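Observations on the model geometry
Letter by letter, the chains look like this.
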Amino acid sequence: MKKGYLVLADGQAFQGFRFGAEAGAVGELVFTTGMCGYVETLTDPSYAGQIVMQTYPLIGNYGVIPEDFEGDCHVKGYVVREPCGHPSNFRCGGDLDGFLKERNIPGLYGVDTRQLTRIIRESGVMNAMICGEAPADPAPLRSYAVAGVVEAVTRREPAVLPAEGETGFRVALLDYGAKRNISQELRKRGCEVTIFPASTPAKTILAMEPDGVMLSNGPGDPAENVFQIEQIQKLLGKVPLFGICLGHQLAALAAGGRTYKLKYGHRGGNQPVRDLNGVRTYITSQNHGYAVDGDSVKAGRVSFANANDGTCEGLDYPGLRAFTVQFHPEARGGPQDTAFLFDRFVELMKGGDL
């Protein structure tokens, strides 16, 4: 048991114990409230540049299951109250300590994650450092920024995934840090999915003559992705379009809207979302630190709102044959209440209306 520290940008230091790699790390400290799904959390590219802290006290009890990976692991560090060193599950392929060591990612346990969560809720997300010794001056922490992360996590070459049915639709998926289950949900509905790097120009997408375009989730500040926003402007109205998470934010910016940073974001599998076109409230999986100012998007109408804080959770663009949502209907991990949105996308490709 080696001592380690989590040092916040405001100077507070928390002593714990090291696990995973013994490397140091600087990142943006965020918390997620999921009681399970830690494998999917660690392999969600949307966490690139961040130190992830789990609010649930025991993490790792069913081990690491490679079949559940949503992508590569891009977290800067991992903080838990108590890691399970002896997981038990028939699908288990390893433990958290080994997973982090293999990827040179430092972990810290034995710290008061409840107190840390309260600090972030009051002060907002802040930079932090995992280290072996508390630094005398935490000032360098304040200069860190999550930047350039979409280009860091996107694939380098296109890939074609075959359909698992016979609708015959061909979907172009722009990978800004896409979770694997987005393409899986499309394939289950009979769509052939071609995944493109985030740097792909709109003319390449349109030359493929897809039946629909999917904008994926991803990390970082949406406004930083100027090229991607310009390409989405060229796609809107040309082909049915569905955006999730970062894809929702980029589409709003492409349509002339604004985004802003939330105090501590929405991360976990229990975010309530009201359907403004009906009477239902859905429990959703979310992972984002930015939100869309719904009133700023004149070309669209807000379709979903967060039941806790009223933030925009979805936009419909009837004149552009497009719709987007802030939450994750592919739900890995999390509730599957909103998986019907993939069916809605298929109907839109068939010529249906929003």
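To be clear, the structure that these remarks concern was listed above.
Each value, and the rule that gives it
Starting afresh in each chain, residues are numbered from 1 along the sequence in its written order. Only residues with pLDDT of at least 70 are given local features in this predicted model, and only at 80 or more are side-chain atom pairs given and counted; all residues enter the totals for whole chains, interfaces and linings. No hydrogens and no water enter the side-chain calculation; it runs on all heavy atoms of the structure. Type-normalised accessible area, obtained with a 1.4 Å probe on protein chains alone, sets the label of each residue: buried when under 20%, exposed when over 50%, and partly exposed for intermediate values. In this description a helix means any DSSP run of H or I spanning at least four residues, a strand means any run of E spanning at least two, and both kinds are numbered starting from the N terminus. In short, DSSP must find at least two bridges between two strands for them to pair. To obtain an axis, a line is fitted to C-alpha atoms, over the contacting stretch when the element is a helix, and the angle between two such axes runs from 0 to 180 degrees between their N-to-C directions. By definition here, a salt bridge exists when the distance from a side-chain nitrogen of Lys or Arg to a carboxyl oxygen of Asp or Glu is within 4 Å. A 1.4 Å probe that fits but cannot get out identifies a cavity on a 1 Å grid over protein atoms alone, an open set with protein on both sides within 12 Å along at least five of seven lines counts as a pocket, and a residue lines either if it has an atom within 4 Å of a point. Grid points are joined across faces, edges and corners, and a volume is the space filled by probe spheres set on the points. Ten residues, namely Ala, Val, Leu, Ile, Met, Phe, Trp, Tyr, Cys and Pro, are considered nonpolar, four, namely Asp, Glu, Lys and Arg, are considered charged, and the remaining ones, Gly among them, are considered polar. Here roughly perpendicular refers to angles of 65 to 115 degrees, roughly parallel to angles under 35, roughly antiparallel to angles over 145, and oblique to all remaining angles. Whether two residues are in contact is decided by their heavy atoms: any pair within 4.5 Å suffices. Note on ring pairs: Phe, Tyr and Trp rings are taken, using the six-membered ring of Trp, and paired if centres are within 6.5 Å. Classes follow the plane angle, with under 30 degrees stacked, over 60 edge-to-face and the rest tilted. Put simply, a charge is over a ring when the Lys NZ or the Arg CZ is close to the ring centre, within 6 Å, and near the line of the ring normal, within 35 degrees. Pairs of N or O atoms within 3.5 Å make up the polar contacts considered here, provided that, within protein, one atom can donate a hydrogen while the other can accept it, and that residues adjacent in sequence are counted only when both atoms are side-chain atoms. Patch criteria: residues need more than 30% relative accessible area and no salt bridge. Like-charged residues are merged within 9 Å; nonpolar side chains of Val, Leu, Ile, Met, Phe, Trp and Tyr are merged within 5 Å. Note on areas: Shrake-Rupley, 1.4 Å probe, and residue coverage restricted to the protein chains presented here.

This paragraph deals with the pairing of strand E12 (residues 191-197). Of all 7 residues in E12, 6 are buried; the element is thus mostly enclosed. Across 3 bridges, strand E10 (residues 159-161) lies against E12 in antiparallel orientation. The partner of Ala-159 across the bridge, within E12, is Ile-195. Taken together, the 7 bridges between strand E11 (residues 169-175) and E12 define a ladder with parallel strand orientation.

Pairing is mixed in the open sheet, where 10 strands are placed in the order E10-E12-E11-E13-E14-E19-E18-E17-E15-E16. Single-partner strands in this sheet number two, and they are E10 and strand E16 (281-293). Each adjacent strand pair in this sheet contributes to an overall mean axis angle of 20°, direction not counted.

Counting across every chain of the model gives 17 salt bridges. Across the salt bridge formed by Arg-91 and Asp-68, the nearest N and O atoms sit 2.9 Å from each other. Pair noted here: Arg-91 is in the loop between strand E7 (82-83) and helix H2 (96-102) and Asp-68 is in the loop between strand E5 (58-59) and strand E6 (77-80), with a separation of 23 residues, a long-range link. With relative accessibility at 32%, the residue Arg-91 sits in the partly exposed group. Taking the relative accessible area as the measure of exposure, Asp-68 reaches 12% and is therefore buried. The partner of Arg-332 in a salt bridge is Asp-68, and the shortest N-O contact between them spans 3.5 Å. Residue Arg-332 is found in the loop between strand E19 (322-325) and helix H9 (340-349), and its partner Asp-68 is found in the loop between E5 and E6; the two are separated by 264 residues along the sequence.

Here the structure, examined in full by the defined rule, presents 1 cavity of 30 Å³ or more. Reported here for the largest cavity is a volume of approximately 40 Å³. If you go around the largest cavity, the residues you meet are Leu-174, Tyr-176, Ala-198, Thr-200, Ala-202, Ile-205, Phe-227, Gln-228, Gln-231 and Leu-235. For the lining of the largest cavity, the elements supplying multiple residues, two or more each, are helix H6 (202-207) and helix H7 (226-235). Considering every element that reaches the lining of the largest cavity, the biggest residue donor is H7, with 4 residues. Looking at the lining of the largest cavity, its residues break down into 7 nonpolar, 3 polar and no charged.

Moving on: the sheet that holds strand E8 (residues 106-109). Judged by pairing direction, the barrel is mixed, and its 7 strands sit side by side in the order E1-E2-E8-E6-E4-E3-E9 before closing back on the first. Direction aside, the axes of adjacent strands within the sheet are offset by 35° on average. When strand E1 (residues 3-8) meets strand E9 (residues 126-131), the two strands line up antiparallel, connected through 4 bridges. Bridged to Val-7 within E9 is Met-129.

Time to look at the packing of H7 against helix H8 (residues 246-254). Interhelical geometry of H7 versus H8 gives an angle of 70° and a closest axis separation of 8 Å. Judged on the interaxial angle alone, H8 and H7 are roughly perpendicular. Along its contact with H7, which presents Gln-228, Ile-229, Ile-232 and Gln-233, the element H8 presents Leu-250, Ala-251, Leu-253 and Ala-254.

Attention now moves to the packing of aromatic side chains. All told, the structure shown has 10 aromatic pairs when counted by the stated rule. Relative to Phe-323, the ring of Phe-242 has its centre 4.4 Å away and its plane inclined at 20°; by these criteria the two rings are stacked. Here Phe-242, found in strand E14 (residues 241-244), pairs with Phe-323, found in strand E19; they are 81 residues apart in sequence, far enough to count as distant. Each member of the pair, Phe-242 as well as Phe-323, is classed as buried. A network of ring pairs unites the aromatic residues Phe-242, Phe-323, Phe-342 and Phe-345 as a single cluster. Between the NZ or CZ atom of Arg-344 and the centre of the ring of Phe-323, over which it lies, the distance is 4.5 Å.

Here Glu-185 is to be found in helix H5 (residues 180-188). For Glu-185, the side chain forms a polar contact with the side chain of Lys-188, separated by 3.2 Å.

Right, let's get into a nonpolar patch on the surface. Side chains of Met-35, Tyr-56 and Leu-58 sit close together on the surface and give an oily, nonpolar patch of about 280 Å² of accessible area. Relative to the assigned elements, Met-35 resides in the loop between strand E3 (25-32) and helix H1 (38-42).

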